[in-house]
Amino acid sequence: MARHTTPSATTSAAPSGSTMASLAARLLLSPFWMRSAAVALALALLALLHSQAGAWLGHWNDRLSSQTWALADSQALERRVVVVDIDEKSVQQLGAWPWPRDRVAQLLTALDAQGVNLKVVDILFDGPQGQDPVLAKALQQGAPSVMAQLFSLQAEPLVRTGQLSGALPASDLLGQACPNQTTAAFGHLSPSGTLLQSGQALGHITPVIAPDGSVRQVPALVCYQGQTYPALVVSALAAATGTHPQLTTRTELWGQRSVLDIGGFELPLNPKGQLTVSYQVPRAGFLSVSAVDVIQGTVPPGLLQGAWALVGSTAMGAGDAVPTPQGGAVGGIEVHAQLMAAALDARTPYTPTWAKLWPWLGGLFSLVILFAALYTGRMAAAVTLPLAALLSVGTLFAVHAYALLVHAQLLPWGTPAIFAVLSALLVLSADTLRVRLERERLFVNLASYLPAQAAQKVAFQEPTAQVQAQRQDATVMIIDVRNFSTYCEGRTPEDTATVLHNFYTTVERIVTQHGGVVEQMVGDSIMAVWNGSSPCPEHARQALGSAEQVWREALAQLPRVATRLTPPLDIGIGIETGPVMVGSFGPAHRRVHAVLGEPVTIAARLESLTAELAYPILLGPEVVRCAANPKPEPLGEFLLDGLTTSHQIYRLPVHYEASHLHLVYSIDEEKANWA
């Protein structure tokens, strides 16, 4: 006899592929790594969006910021800048627009009579007319006046009319005729030379049209043919203060920003040299008077005293209507009124230099809220994460609104809001995937201890204290390793565990191949059932076929260690068919999966009887009848232990090897075999 060698319990190092798969599985099941990967993916997607659609993202941020103006709480009327409107009432009483220039001169003279401090004329006087001297005189007399001119920021169509005037000297512009803070122009609409007297102030009314058609920015300085021209609000401040605009820079903690200093009034510029229009004053907040009332002297006394009169036309056909964030198309004069009111209050919106950190700070805040909700909240992630995203977005908007409405600082909140929502969605998806993988792993692990159908019920049903079982006509097989307790004497647990492991593995494989299910593995005994947890129409026939194969293969794997004092390891099998209950039993906090019924008792008694009768496979009468197999041989009726009724017993003939029949060995043979 060859020496029996017990396989080592120590496994060899796993191949690199298995190691990588195991590492990947651990990472996928780790909440920290899955959530970190989701956040990293959110950052990558946001970076991709910024690189591929940066212009769209900036425009989207602008649109979101524009909605904040609706929160401005301003009940007081703006009386410093009064809109003198050539409205429908005026054209109905004094004639259609455009008016003769002597009538505009009459309006300006009436404004001087009302005691205004500044006349800002938001009207384009295109081409010379016979009344130009009268209008020129009205512009020069009384309060300082500022005329309008318009530039074209597009190369086509090319328009050049009138006489340009009002260029700023290079000495006021950091020593450059056209510094980087200017916007290039390609054409212009200017007043005729007959209207331009010595020292006449002009300012451009050129808007920047956003992709959605709204006006949110106005170029503070326009460069045309090597000279720089100021915006209407810049010229108005210069005329009112009697100073020249000075382009300068302000050094702050995180960089520099450009401003226009006009007699102590500072207009902050964005990186493109533009003024951001503040729409903080609602449309109804501006005091507006009809031009005809001014001309006819019916304006309430003192209403215009000391004010800046902003003259423009909103009458039908004036052609001066632009969309704004405050609503549909409005007169362009309202844009300039907002610019002037903001300049007087020092609340022209600007982006501070430290705002480059704002998206990172906003994103970090969102992550803190997100992970705090995950690790401290008691609600499910499907509820916690959307609430955390809403809280983050709401807080970002609140900070943005406070900075804009109170400090006139623009902190775009759209980008960090996208990150907050995207992170929440991806983390929720990662958690959902992780939970699904955990449940699948739990089910796989559970199915290794229970039949698959039973494991599925345990995994996906709430525990109950009731019996959850079903009645089935099934075939039960009990398989036992005889003399195993004696074999274990004096042997290590690793040795005995290896023997049982091989026995369990072989039997489970054979039973599964024949359509059965291993229901229990207890000690050195196995209970297999056909048509119990899993359907098997020909359960009796399949069980008998399985028994023969178990006898051949499982027995061959058992160690041959018989001596004078140690009986050999052997296998006994008992099989019977009949009604059983398959399911779970016991209290809700401690359930057990089991197969109960008379066939289980009979199969167990038959297996015990195999040692006495020296037949390894014994069958009950019902399994023989159902299998219709001619091989079983009757042995007579036996009263099985614990039962009151005798049963006909059958044996299933199997082929014995000669070595199996030789149960006792002489000492000499034993020594020869182990030498």
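Because the structure is predicted, anything quoted here is derived from the model rather than measured.

With respect to the overall build of the chain
Regarding its fold elements, the chain presents 20 helices and 27 strands. Across the 675 residues that make up the chain, the buried fraction comes to 46%. Long-range contacts, defined as pairs at least 24 residues apart, comprise 74% of the intrachain contacts of the chain with a sequence gap of at least 6. Counting every atom, the chain has about 32,800 Å² of accessible surface; 58% of that belongs to carbon and sulfur.

Structural notes on the packing of helix α5 (residues 101–114) against helix α6 (residues 132–140)
Packing of α5 against α6 brings their axes to within 8 Å, and their N-to-C directions diverge by 15°. As summarised for this structure, α5 and α6 are arranged roughly parallel, according to the angle between their axes. When you trace α5 past α6, the crossing you get is left-handed. Where α5 abuts α6, its residues R101, D102, V104, A105, L108, T109 and D112 lie against D132, V134, L135, A138 and L139. The class makeup of the residues in the contact of α5 with α6 is 7 nonpolar, 1 polar and 4 charged.

Some remarks on the nonpolar core
Counting residues in hydrophobic clusters, the biggest one holds 47 residues, and the most contacted among them are V233, L260, L267, L310, V335 and M340. Setting aside its immediate chain neighbours within four residues, L310 contacts V81, V82, V83, V84, V120, D122, L232, I333, H336, A337 and M340. Residues Y504, I526, W551 and V623 belong to the second largest nonpolar core, which totals 38 residues.

Here's the deal with the state of the cysteines
If you walk through the whole model with that rule in mind, you get 1 disulfide. In this model C178 forms its disulfide with C223; the gap between the sulfur atoms is 2.0 Å. Of note, the bridge from C178 to C223 carries an S-S torsion of about 90° and is right-handed in sense. Note that C178 is positioned in the loop between β4 (160–161) and β5 (183–184) and C223 in strand β10 (residues 221–224), a separation of 45 residues in sequence. The class of C223 is buried, set by a relative accessible area of 17%.

Quick notes on the sheet that holds β10
Either a parallel or an antiparallel arrangement is found when strands of a sheet pair, and the pairing is made through backbone hydrogen bonds. Here 3 strands make up an open sheet; going across it, the order is β5-β10-β11 and the pairing mixed. Taken across any chain shown, the strands that pair with only one partner, and hence form the sheet edges, are β5 and β11 (227–230). Inspection of the sheet shows β10 paired to β11 by 4 bridges, in the antiparallel sense. Counterpart to L221 in the pairing with β11 is P230.

With respect to the environment of V146
Relative to the helices and strands, V146 is located in strand β3 (residues 145–152). The sequence separation of V146 and G203 amounts to 57 residues, and the corresponding C-alpha distance is 6.8 Å. Apart from residues lying up to four places away in sequence, V146 is in contact with L118, K119, V120, V121, Q200, A201, L202, G203, L232, S235, A236 and A239.

Regarding the packing of aromatic side chains
Across all of its chains, the model carries 9 aromatic pairs by this definition. Between the aromatic rings of F32 and W33, the centroid separation amounts to 5.3 Å while the plane-to-plane angle is 75°, which identifies the pairing as edge-to-face. Given the relative accessible area of 47%, F32 is considered partly exposed. For the ring pair W56 and W60, a centre distance of 6.0 Å and an interplane angle of 10° mean the geometry is stacked. Note that W56 and W60 are positioned in helix α3 (residues 54–66) at a spacing of 4 residues, about one turn of the helix. The ring of W99 carries R103 above its face, with NZ or CZ at 5.9 Å from the centroid. Looking at R257, its charged tip hangs above the ring of Y350, at a distance of 4.3 Å from the centre.

Re unusual backbone geometry
Along the chain, W97 connects to P98 via a cis peptide bond; the corresponding omega equals 5°. With respect to the helices, strands and loops of the structure, P98 is situated in the loop between α4 (88–94) and α5. Each neighbour pair has its own omega, and for E156 with P157 the value is -10°, a cis peptide bond. For P157, the location among the structural elements is in the loop between β3 and β4. Phi at A408 is positive, roughly 55°, even though this residue is not glycine. For A408, the position within the fold is in the loop between α11 (381–407) and α12 (414–447).

Quick word on the packing of helix α15 (residues 493–513) against helix α16 (residues 539–557)
Two elements in contact, α15 and α16, have axes whose closest approach is 10 Å; the angle formed by their N-to-C orientations is 160°. Considered as vectors, α15 and α16 are oriented roughly antiparallel to each other. Between α15 and α16 lies a crossing of right-handed hand. For the pair α15 and α16, contact is made by N502, F503, T506, V507, R509, I510, V511 and Q513 and by S546, Q549, V550, E553, A554 and Q557, respectively. In terms of residue class, the contact of α15 with α16 is built from 6 nonpolar, 6 polar and 2 charged.

What to know about the pattern of salt bridges
Tallying each qualifying case throughout the model produces 21 salt bridges. Salt-bridge contacts for D112 lead to K119; the nearest nitrogen and oxygen are separated by 2.9 Å. One salt bridge connects D431 with R434, and the closest N-O pair in it is separated by 3.7 Å. With D431 and R434 both in helix α12 and 3 residues apart, this pair spans about one turn of that helix. For R434, a relative accessible area of 8% corresponds to the buried category. Through salt bridges with shared partners, one network takes in E78, R80, D345 and R347.

Conventions and cut-offs
- Residues numbered from 1 in each chain as written.
- Predicted model: local features only at pLDDT ≥ 70, side-chain atom pairs only at ≥ 80, totals over all residues.
- Heavy atoms only, no water.
- Helix = DSSP H or I, 4+ residues; strand = E, 2+ residues; numbered from the N terminus.
- Buried < 20%, exposed > 50% of the residue type's maximum accessible area, 1.4 Å probe, protein only.
- Contact = heavy atoms within 4.5 Å.
- Areas by Shrake-Rupley, 256 points an atom, 1.4 Å probe, with all protein chains shown as cover.
- Axes fitted to C-alpha atoms, helices over the stretch in contact; angles between N-to-C directions.
- Parallel < 35°, antiparallel > 145°, perpendicular 65-115°, else oblique.
- Left-handed = near helix turned anticlockwise from the far one by under 90°.
- Nonpolar A, V, L, I, M, F, W, Y, C, P; charged D, E, K, R; others polar.
- Core = buried A, V, L, I, M, F, W, Y, C linked by side-chain atoms within 4.5 Å.
- Disulfide = S-S within 2.5 Å.
- Pairing = 2+ DSSP bridges.
- Phe/Tyr/Trp six-rings, centres within 6.5 Å; stacked < 30°, edge-to-face > 60°.
- Lys NZ or Arg CZ within 6 Å of the ring centre and 35° of its normal.
- Salt bridge = Lys/Arg side-chain N within 4 Å of Asp/Glu carboxyl O.

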